[in-house]
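So you can see what is in the structure, the chains are spelled out below.
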Amino acid sequence: MRWNRMLLALLIVVIMGIPVVGISAQTIPFVHKKRYAMGTVYEVVAYDAEVARASAVIDKALDEVVRLDTMMSNYKPESDLSRMNSTAHFHSVQIPADLYKVIQESLRYSHLSDGEFDVSVGPVVELWKTAMQGGPTPTVEDEARARACVGYKKIELIPPDRVEFHSPCMRLDLGSIGKGYAVDRMAEILRAGGVERAYLNAGGSTMYGIGTPPEHAGWTVHLRDPSNRLDPQVVLTENSVSTSEQTAPSALEGDAPGHIVVPASGKPLRTRYAVSVVAKSATTSDALSTTLLLLGPEKGEAVIKGLPDVAAIWISREGEKTIAGRGLHIFLKADSPSIVEESNVENKAVTKPKQN
Amino acid sequence: MRLGKFFSALLLGGLLVTQPASGKVFLKVSQAELPPARAMGVSDLVFVWPVGNDSLLSKANALGYRIFLEATPGDLSVVADAAEKTNAVGVIFDAGNLDSSASEEVLRSAQSAHSKLSFLLLNPGGKEPQMKARLVVDRDGILQVSSPTSQPWVDSNLGLVRFARAFRPEAIPLYSFHWNLSDALRKKLGPTAEDYSLAISEADAFRADVILDLHEGLQKGLAHNEAEAWALWNNVKRYVALQSVESAPGMPPMPLANTGIVTNNYRVSYEGINMMARHNIPFVVLRPADLEAKRLDGLDMLVVFSAPSIAACRVLDDFAKQGGIVVLVNLRGDFPWHSSEPIRRNVQSAVYNVGTGQIVEFAEPVIDPEVFSRDMRRLMGVQRSSLSLWNSLTTIAVPYREKPVGETILNLVNYALEPEPVQVQINGHFSSILYESPERGCCQSITPIERDGFTEFVIPALIIGGRVHLKPTVARPQL
C-alpha cells in the first residue's frame, strides 16, 4: 500500500510537475480560436511555431463542427437530422455517413446501458424543455404520449447508409453524443494538418488533448466537483474527458425540472451527482458521461468494467465520490495534500467525504 | 394584464429628450501616420497624453480629424491646457478610481476653466464585446474546468451603458476597452474587421459612444494605402455608416423596457445585469432615489440590488399590490410585506403574494447568473415576456421607440460573428416589418406571424449587427 502511494506520488510528480526540457512556452507561440456551433462554444488552443498554418488548420477543424451542426441540428429544419426525423417513420431514408456513424455509436451505448442512454428520448426532453422555460408542467397524458415515441430498439440502421424508425412519432436528439463526435473529427483534422500540440474544448463539457503543451507532459483539466472539496483532475494526452450534470436547480423552485430526462420514466433525472468520464475518444467520453449519470455509481461501475481505457468519477454535492475504471487516471487532490487517490488498473475507489 | 404596457414607452425621468445622437465611434490611434478622415469614415481621434510630437496633432487636424486628448485626474489641467493650444476639440477624462460625485466635480471645474473644450467622461469597466471563450489561456498554460455543457457567455456593455444612463442621464455614455491580444496571430495582425464591426454595432445598438483602439499595424497599412488594410477597413465602414443613420436628428429613440434594475453598485449587480441582457430581458437601470411611483409606469418587474429606504419599501409594496413583481437580491430587513407569511419558502428564496403581484426575496447574491436569469424569465411568465429570441444564444436584441413616428426599432447584435437565423417574438401588432443590415442595406421586408398578442418573425441571417423597423398597426376608426 505504501509502495503504491509512493509510486503514485512519483507518477503525479512526473506528469504534472516536471518541465519537459528543451520545449519552452516562451518560444512556441499559441493560437486560440473559437466558434459558436451546436448551441455552445468550440475552442481550440494550439502551440505551433508556424502560427499561420496552425490558424488555417484550426479554421478548417472549426468549419467541420459547423458542417456537422448543419447536419445534426435539431433546431435547423433543413438539417439532415430534421429531415430524417420527419421522414424515416416506417420508411427507410438515406442519411450522410457521419450521421449514420453517430447513430450507430449511440445504439452501442443504448445496448450497453440497457436503454438508459437513448437518443430517441427527444420527444420527452422537448416536453420538459417548455416546463424549464416557465411553461406548464407536463400532464401524465402528455408524458405517456411522448414516452410512447421513445425506444432505441425501434431504430433500424440498414447498412451502409439508411435508417428507418419503427414508430410513428420517433425523433432522435444527438445532444448527448454529437459534441463528442465533432471533437473527434476536429482532432483528426488538426492532426492531419500537422498540429501536434492542441487542446480542444466543446462547451466545457467535452475536452480532448493532442500531444502536450510546452513544458508539461499533458493538458491538465480540473473536473467538475459539486462539493468544491475534492478538486479531481485529469491530464489529457491523446484522450478525452466529458462531464455531465443535471441542470442547476432554480433558486425560486428548488425542484424545477432539469434538461436530462430518464428515458424509461419520461421524467427529469433527479441525482446528487456530477460525473466525469475519461476515454480514448471524445465520442466515447461524451456518450458515457450521460449514460453514467443516468445509471448512477453502482450500475455505472458495472457498465464500465467491461470497457478498456475508460475511467469515471461520480461526485455528489456532499462530497461523496466513487471512482471506477481502468487504464486512464483521475487524480484527486483531497483536502489534505498528503492524501492522493487515483483510479487504477482493475480497481475502483469509493470514499466518503471527510467530516469537517 | 399588462400587455401593451411595454409600448407605453418608458421615458425615464424625461431625461433623454434633448440628447444629441449617439453611437459615435472614436478611434484611439498611435503616433504613426494617419490616412485622411474622409476615407476612414470616422472623424474623431483620441490621443493619449503626452503626444511626443505636437506636429502630429496639426497633421491630424489637416487630415480632417477632430482631436480629443485623454486625461487622468493627475494630469487633467495640463492636458486641457495642451488641448486648447493644439486646437483639440475636447478632453476625454478617465476618472480612474474617483467616485462619481468627485469626477463630476473635477469635470465641472475643468469645463469652467476651459469653456471652449468639450469634456467627456469615460465610463470605467468597458469590456471587449465578444462571445467569450471558456479557456483561460496565458503564458503559464491553460486553466480549464470541466462542467456540464455551458451556453455561450457573452461579454456585452449593455449593463454598463444602462448604468451610466441612470447616473449621468444628461450625457451619452462613453466607454472604451482593450483588445485581448494574447493570441500570437491576433497580436500580430490585430483585431479582424468582424471584431471592430461588433464593437461598433454594439455601441450603436446600446445608443452609446465607443473608443476603439486602432491596431498600429492597421493604422500604418491604411496610411500607406495597403490593399489588405483597406479591404478590412472598408468592411468596418459599412457598420460605421449604418450606425450613423438616425431618422429624426436630435430626437433619439427611447429604450423600451418592462424591467427596472434598482442599483447603485455596478459591480454588485453586474453578473445579474449582464445575464439578463444575454437573455434579452429588456431592462433599464434605476437609481435607488428613482424609486418613485411615477417613474415606474410601464414596468412589470423590479429587481432590487440596493437596500431600499423605508419610503422605497412602500413604493415596492404598492408596485406589487398593483400586479408588479419585485425581486430583492440578497437584501435583509423588516419589510412591510413580512406581515403575511410567504406562500413559498426554501433555503434560497421566499415568495410573498402582495395584492395582485408578488415579492420575491433571494437570500443570496447572484451566484449562478444563468439560473438567476432563467428564474427572472419564469417569474415574468410568457405573457409579460415582451421580447423573446430563439436559436440565438449569442444575440442581444434591444428595442426602442422612435418618437415622432411611433415606430419600434429593434437593434440586434450577434456576438458569435456567424450568420444565424434569429427567430424573434415581440409583444404587439405591426403593419410592416423591415430589416436593415450593413450587408444588404435598407430594407428587406419580413413576413410575420401574429399569435396571442405577439408578433413572430425570422431574421434569415444576422451576421453581426442589424436593425428591424416595426411600424405600428394604425387602429381603424370604429364604424
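Scroll up a little and you will see the structure.
Everything numeric here is computed off the predicted structure, so don't read it as measured data.

### Here we look at the overall build of chain A
At step 1: A tally of helices and strands in chain A yields 8 helices and 16 strands.
At step 2: Of all 356 residues assigned to chain A, the portion counted as buried reaches 48%.
At step 3: Considering only contacts within chain A whose residues lie at least 6 apart along the sequence, 61% involve residues at least 24 apart.

### Some words on the overall build of chain B
At step 1: Looking only at helices and strands, chain B has 12 helices and 28 strands in total.
At step 2: Here the C-alpha atoms of chain B give a radius of gyration of 23 Å, agreeing with the 23 Å that 2.2 N^0.38 yields for 479 residues.
At step 3: Within chain B, the proportion of its 479 residues that are buried is 46%.
At step 4: When contacts within chain B are restricted to residue pairs at least 6 apart in sequence, long-range pairs at least 24 apart make up 71% of them.

### Details of the environment of Glu50(A)
Residue and element names in this part refer to chain A.
At step 1: Inspection of the secondary structure puts Glu50 in the loop between β2 (40–47) and α2 (51–72).
At step 2: What makes Glu50 partly exposed here is the crowd of 13 C-beta atoms within 10 Å.
At step 3: Expressed as a C-alpha distance, the spacing of Glu50 and Glu64, which sit 14 residues apart in the sequence, is 21 Å.

### What about the sheet that holds strand β18 (residues 349–354) of chain B?
All names here are of chain B.
At step 1: Strand order in the open sheet made by the 7 strands is β14-β13-β15-β16-β19-β18-β17, with mixed pairing throughout. With one partner strand each, in any of the chains shown, β14 (283–286) and β17 (344–345) form the two edges of the open sheet.
At step 2: Where strand β13 (residues 259–262) lies against strand β15 (residues 301–304), 4 bridges are found, and the strand directions are parallel. Residue Thr259 lies in a different strand from β15, and its bridge partner there is Met301.
At step 3: Against the sheet, helix α11 (residues 310–321) makes contact with β15, β16 (325–329), β18 and β19 (357–362), and its axis sits at roughly 130° relative to β19, the strand it touches most.

### Points about helix α5 (residues 158–167) of chain B
At step 1: Counting buried positions over the 10 residues of α5(B) gives 9, a clear majority of the element.
At step 2: Within the sequence span of α5(B), burial applies to Leu158(B), Gly159(B), Leu160(B), Val161(B), Arg162(B), Phe163(B), Ala164(B), Arg165(B) and Ala166(B).

Definitions and limits used
Residues numbered from 1 in each chain as written. Chains lettered and ligands numbered in written order. Predicted model: local features only at pLDDT ≥ 70, side-chain atom pairs only at ≥ 80, totals over all residues. Helix = DSSP H or I, 4+ residues; strand = E, 2+ residues; numbered from the N terminus. Buried ≥ 20, exposed ≤ 12 C-beta atoms within 10 Å, placed from the backbone. Contact = placed C-beta atoms within 7 Å. Rg over C-alpha atoms; globule rule 2.2 N^0.38 Å. Pairing = 2+ DSSP bridges. Axes fitted to C-alpha atoms, helices over the stretch in contact; angles between N-to-C directions.

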